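Geometric and topological summary
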Amino acid sequence: MEWNSILYDKKHDFVAEYGKGLLEFIPDNKEQTILDLGCGTGTLTAQLVNLGSKVMGVDSSQNMIDKAKEQFSGIEFRVCDALDLPFEKEWDVVFSNAVFHWIDDHNALVKNIHKALKPNGLLVCEFGANGNIATIENAFAKAYKELGYDYRPKFNFPTAESFGNILTDNGFVIDNICDYDRPTILKDAEQGLANWMKQFFASELAVMPEEMQTVVFERAAELARASLWNGKEWVADYRRLRAVAHI
Ligand SMILES: C[S@@+](CC[C@H](N)C(=O)[O-])C[C@H]1O[C@@H](n2cnc3c(N)ncnc32)[C@H](O)[C@@H]1O
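Quick look at the packing of helix 5 (residues 106–116) against helix 7 (residues 160–169) now. Following both chains from N to C, one finds helix 5 and helix 7 inclined at 45 degrees, their axes separated by 9 Å at the closest point. Comparing the axis directions of helix 5 and helix 7 gives the class oblique. When you trace helix 5 past helix 7, the crossing you get is right-handed. Taking contact as the criterion, the partners of H106, N107 and V110 in helix 5 are, on helix 7, F163, I166 and L167. When its residues are assigned to classes, the contact of helix 5 with helix 7 shows 4 nonpolar, 2 polar and no charged.

Shown next, in the form of structure tokens:
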């Protein structure tokens, strides 16, 4: 999926905002090297610069990397897939916020991270846990199907137990792993849920004309309203998985 970096920074900047809480798991050592894996538009990479001697952001989306470079010209950013990392024993810390649920093969992902880390290197990550945005995804799938389109679930939201097993099977020692509910207010009142779907279901929506997209937004909102509308704004049913593990 190609990312709309402008919509992301304008309406979904809460993703990086929440990610700031993850920074506290980065050791206090100004000499360390840090890779921001799936850096998006670079907001958190810019914070990581204060926590290490060498910091780089990589992301598979050209749009996101272009925006990151435009905003933070002094930081190195590269287009690069997490499943094909060109690093060997190069990083003390691999940091990643809100990325791993976009990647099907967590085993291959964790192997890539292991290869990129120096001995004793640390992984600090957070992403969607089992059940994340289930109400939104179900409402979208139903609305989409009613118009004759077939939604194929595309997110990989594991349990803490299954992701923990992947980490240990690949030679990591887990320092901390947990999942938790994180109800998340969407900006723009009534428009918030449609904004969210435009951003995160961009590839599904791209195959239909705009009038049909509007029908999907309205129907999905109708289906999700009883669970997610608090009378003033949409509160998305986020669930997160946080893991800190070293090799
Ligand atoms: C929700 S954004 C999070 C961006 C940033 N980490 C933040 O906290 O704002 C998810 C990012 O994951 C990136 N991504 C998805 N799959 C990827 C992959 N296989 N390799 C590298 N980046 C990936 C997307 O391009 C997108 O920029």
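Resuming the write-up.
Looking at the ligand, there are 20 residues lining it, with Y8, G38, D59, A82 and N97 nearest. Taking A82, its main chain carries an N or O atom lying 2.9 Å from a nitrogen atom of the ligand. In the environment of the ligand, an oxygen atom lies 2.8 Å from a nitrogen or oxygen atom belonging to the side chain of N97. For the ligand, whose free accessible area comes to 600 Å², the fraction covered by protein is 95%. Here the ligand occupies the largest pocket. Grouping the constituent residues of the shell around the ligand by class yields 13 nonpolar, 5 polar and 2 charged.

Roughly 750 Å³ of volume is contained in the largest pocket. Lining the largest pocket are 39 residues; nearest its centre among them are W3, D59, A98, V99 and W102. Listing elements by their share of the lining of the largest pocket, those giving two or more residues are helix 2 (14–19), strand 1 (33–37), helix 3 (43–48), strand 2 (54–59) and helix 8 (192–200). Considering only residue class, the lining of the largest pocket consists of 23 nonpolar, 10 polar and 6 charged.

As summarised here, the arrangement of the 7 strands in space is 3-2-1-4-5-9-6, forming an open sheet in which the pairing is mixed. Unpaired on one side and paired on the other, strand 3 (76–79) and strand 6 (173–181) mark the two borders of the sheet. Across the sheet, the mean angle separating the axes of adjacent strands is 15 degrees when strand polarity is ignored. Bridge count for strand 1 against strand 4 (residues 91–97) is 3 bridges, and the pairing is parallel.

In this section: the packing of aromatic side chains. Throughout the structure, instances matching the rule amount to 20 aromatic pairs. Considering the side-chain rings of W3 and F200, the 5.9 Å spacing of their centres and the 80 degrees angle between planes classify their relative orientation as edge-to-face. Placement of W3 in the segment before helix 1 (5–11) and of F200 in helix 8 is noted, with a sequence separation of 197 residues between them. Take W3 and F200: they sit in the same class, and that class is buried. Taking the centre distance of 5.1 Å and the plane angle of 25 degrees together, the rings of F140 and Y144 count as stacked. One end of the pair, F140, and the other, Y144, are both in helix 6 (residues 134–146), 4 residues apart, so they sit about a helical turn from each other.

Quick look at the pattern of salt bridges now. With the rule as written, the count across this model stands at 16 salt bridges. The residue D92 makes a salt bridge to K118 at a minimum N-O spacing of 3.3 Å. Of the two residues, D92 is situated in strand 4 and K118 in strand 5 (residues 117–128); the sequence distance between them amounts to 26 residues. With a relative accessible area of 23%, D92 lands in the partly exposed category. Taking the shortest distance from any N to any O, the salt bridge between R219 and E222 comes out at 3.4 Å. Of this pair, R219 and E222 are both found in helix 10 (residues 210–228), 3 residues apart, which corresponds to roughly one turn of the helix. Since its relative accessible area comes to 53%, E222 is described here as exposed.

Reading the values: rules and limits
- Residues numbered from 1 in each chain as written.
- Predicted model: local features only at pLDDT ≥ 70, side-chain atom pairs only at ≥ 80, totals over all residues.
- Heavy atoms only, no water.
- Axes fitted to C-alpha atoms, helices over the stretch in contact; angles between N-to-C directions.
- Helix = DSSP H or I, 4+ residues; strand = E, 2+ residues; numbered from the N terminus.
- Parallel < 35°, antiparallel > 145°, perpendicular 65-115°, else oblique.
- Left-handed = near helix turned anticlockwise from the far one by under 90°.
- Contact = heavy atoms within 4.5 Å.
- Nonpolar A, V, L, I, M, F, W, Y, C, P; charged D, E, K, R; others polar.
- Near = heavy atom within 4 Å.
- Polar contact = N/O pair within 3.5 Å; in protein donor to acceptor, adjacent residues only side chain to side chain.
- Areas by Shrake-Rupley, 256 points an atom, 1.4 Å probe, with all protein chains shown as cover.
- 1 Å grid on protein atoms, 1.4 Å probe; cavity = no way out; pocket = protein on both sides within 12 Å on 5 of 7 lines; lining within 4 Å.
- Sits in = over half its atoms within 2 Å of the grid points.
- Points joined across faces, edges and corners; volume = space filled by probe spheres on them.
- Pairing = 2+ DSSP bridges.
- Phe/Tyr/Trp six-rings, centres within 6.5 Å; stacked < 30°, edge-to-face > 60°.
- Buried < 20%, exposed > 50% of the residue type's maximum accessible area, 1.4 Å probe, protein only.
- Salt bridge = Lys/Arg side-chain N within 4 Å of Asp/Glu carboxyl O.

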